Amino acid sequence: MSEKPTKHTKVLIIGSGPAGYTAAVYAARAMLKPMLVAGMQPGGQLTITTDVENYPGFADVIQGPWLMEQMREQAKAVGTDLVEDHIQSVNLKSKPFEAIGDGGQKYTADSVIISTGAQARWLNIESEEKFKGFGVSACATCDGFFFKDKTVAVVGGGNAAVEEAMFLTKFASKVQLIHRRDELRAEKLLQKKLMENKKIEIIWDSVVEEVIGDDEPKNVKGLKIKNVNTNEMSELKIDGLFIAIGHDPATSLFKDQLEMDNTGYLITKSDSTETNVPGVYAAGDVKDKIFRQAVTAAGMGCMAALEAEKYLASN
């Protein structure tokens, strides 16, 4: 089989959420002809979010997938080369930087913007794995609809868990929020809304030990939960389980090449998106574990493109 010719670009953008697409828009407008490799989940986490009410510029509620589609079209319209591929290895130790796609396609670049985002964390118990997609989900907005007039449980205590629980009340008849502590970490305003919602019951100081269900056809029937203070076990009857316990950044590609913190988030210089390798930038949830918003990711995408432009001009 003949080898595919190497694709070279001044700016290679890896990942395609708000950070990647915004970086592409700015880099394209700077006449850098960027190349964006979309990855496994083009559009990122917003494609599994329905209602977006906090993205500036839209008075009415918009849909996450629609917003990503618009950003993609905008990046394309200003001249971004959009590539459907998934990068499986990179070499950032020599120049030009190199990346290899799933099918063996080789990309070289004078600068790289990393916007690979983050993915949902799971409980990592055997029974959860068994029922994934059959009543166990990490995305209420994708799967909530299937639980009309049923009872569901959400695990977690942060903003995401509270938002998922609230969202699920649109469909489910009852939502039980299971949290391992005795208070939530979510914003106060969200907590207030949660407490006022008659459909939601909070189960404090508890963890899920096992998901119970049928094998044929596969479906969830209930949970075994343990009280962390008393070690007492109890069973809940539920039809669906949603996991909302945080995210892990998609940074395994860059292990031993870029500086990361102890949880795997890329480290950038202060007030900058530059990593410890000059010419390589990180934007969005791949480096941001504090804000994790579409608008902050987009802002960082803009910063990364402007910094890459400056870097390329001086080299």
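Residues numbered from 1 in each chain as written. Predicted model: local features only at pLDDT ≥ 70, side-chain atom pairs only at ≥ 80, totals over all residues. Heavy atoms only, no water.

On to the overall build of the protein chain, then. Of the regular secondary structure elements, the protein chain holds seven helices and 19 strands. Its C-alpha atoms give the protein chain a radius of gyration of 21 Å, within 12% of the compact-globule value 20 Å for 315 residues. Looking at the 315 residues of the protein chain, the share that counts as buried comes to 47%. Once local pairs closer than 6 in sequence are excluded, the contacts in the protein chain between residues at least 24 apart make up 58%. Of the roughly 16200 Å² of accessible surface on the protein chain, a fraction of 51% belongs to carbon and sulfur atoms. (Helix = DSSP H or I, 4+ residues; strand = E, 2+ residues; numbered from the N terminus. Rg over C-alpha atoms; globule rule 2.2 N^0.38 Å. Buried < 20%, exposed > 50% of the residue type's maximum accessible area, 1.4 Å probe, protein only. Contact = heavy atoms within 4.5 Å. Areas by Shrake-Rupley, 256 points an atom, 1.4 Å probe, with all protein chains shown as cover.)

Between its first and last C-alpha atoms helix α2 (residues 64-77) spans 20 Å; for 14 residues at 1.5 Å apiece the expected length is 20 Å, and the two agree. Listed as buried for α2 are G64, L67, M68, M71 and A75. All buried residues of α2 lie within an arc of 95° about the axis, which places them on one face of the element. Packed against the buried residues of α2 are α1 (18-29), β3 (51-52) and β4 (62-63). Remark: G79 follows α2 within two positions and exhibits a positive phi of approximately 115°. (Expected span 1.5 Å × (residues − 1). Arc of directions from axis to C-beta.)

Tracing the backbone through its elements, the reader meets F242 in strand β17 (residues 240-243). Classification of F242 as buried rests on a relative accessible area of 0%. Taking the C-alpha atoms as reference points, F242 and M40, 202 residues apart in sequence, are found 22 Å from one another. If sequence neighbours within four positions are ignored, F242 has contacts with S137, C139, A140, D143, G144, F147, V152, A153, V154, V155 and L168.

Moving on: the pattern of salt bridges. It is possible for side chains of opposite charge to pair when their charged atoms get near one another. Overall, the coordinates contain twelve salt bridges when judged by the stated rule. We note a salt bridge from E274 to K269, for which the minimum N-O separation is 2.8 Å. Each of the salt bridges in this network shares a partner with another, and the network as a whole consists of R72, E73 and E84. (Salt bridge = Lys/Arg side-chain N within 4 Å of Asp/Glu carboxyl O.)

This brings us to the nonpolar core. In this structure, I13, Y55, L67 and I113 are the most contacted members of the largest nonpolar core, which totals 31 residues. Counting only elements with at least two residues in this core, the list comes to β1 (7-14), α1, α2 and α7 (294-314). Broken down by element, this core gets its largest block of residues, nine residues, from α7. Discounting chain neighbours no more than four positions away, the residues touching Y55 are I62, L67, M71, A294, V295 and A298. Core analysis: the next-biggest nonpolar cluster, separate from the first, contains 22 residues, F147, L168, A172 and I202 among them. (Core = buried A, V, L, I, M, F, W, Y, C linked by side-chain atoms within 4.5 Å.)

All right, on to the sheet that holds strand β14 (residues 206-214) then. The sheet built from three strands is open, its strands ordered β14-β15-β16 with antiparallel pairing. Each edge of the open sheet carries a strand with a single partner, namely β14 and β16 (233-237). This sheet shows a mean twist of 25° between the axes of neighbouring strands, independent of strand direction. By the bridge criterion, five bridges tie strand β15 (residues 219-227) to β16 in an arrangement that is antiparallel. Opposite L223, over in β16, you have L236 as the bridge partner. (Pairing = 2+ DSSP bridges. Axes fitted to C-alpha atoms, helices over the stretch in contact; angles between N-to-C directions.)

With that out of the way, let us pick up the packing of helix α5 (residues 159-168) against helix α6 (residues 188-196). The geometry of α5 relative to α6 is characterised by a closest axis approach of 10 Å and an angle of 35° between their N-to-C directions. As for the relative orientation of α5 and α6, their crossing is left-handed in sense. The segment α5 lies against α6, with N159, V162, E163, A165 and M166 engaging L190, K193 and L194. A breakdown of the residues in the contact of α5 with α6 according to their chemical character gives five nonpolar, one polar and two charged. (Left-handed = near helix turned anticlockwise from the far one by under 90°. Nonpolar A, V, L, I, M, F, W, Y, C, P; charged D, E, K, R; others polar.)

On to unusual backbone geometry. Cis rather than trans, the peptide bond between K95 and P96 has omega equal to -5°. Here P96 shows up in the loop between β6 (87-91) and β7 (97-101). The omega torsion of the bond from E216 to P217 falls at -20°, within 30 degrees of zero and hence cis. Of note in this structure, M31 is not a glycine but carries a positive phi near 60°. By the secondary structure assignment, M31 is in the loop between α1 and β2 (35-37). One non-glycine residue, D256, lies in positive phi territory at about 65°.

A few words now on the side chain of E274. You can see E274 is positioned in the loop between β18 (247-249) and β19 (280-282). A relative accessible area of 15% places E274 in the buried class. Engagement of the side chain of E274 in a polar contact is seen with the side chain of K269, the distance being 2.8 Å. (Polar contact = N/O pair within 3.5 Å; in protein donor to acceptor, adjacent residues only side chain to side chain.)

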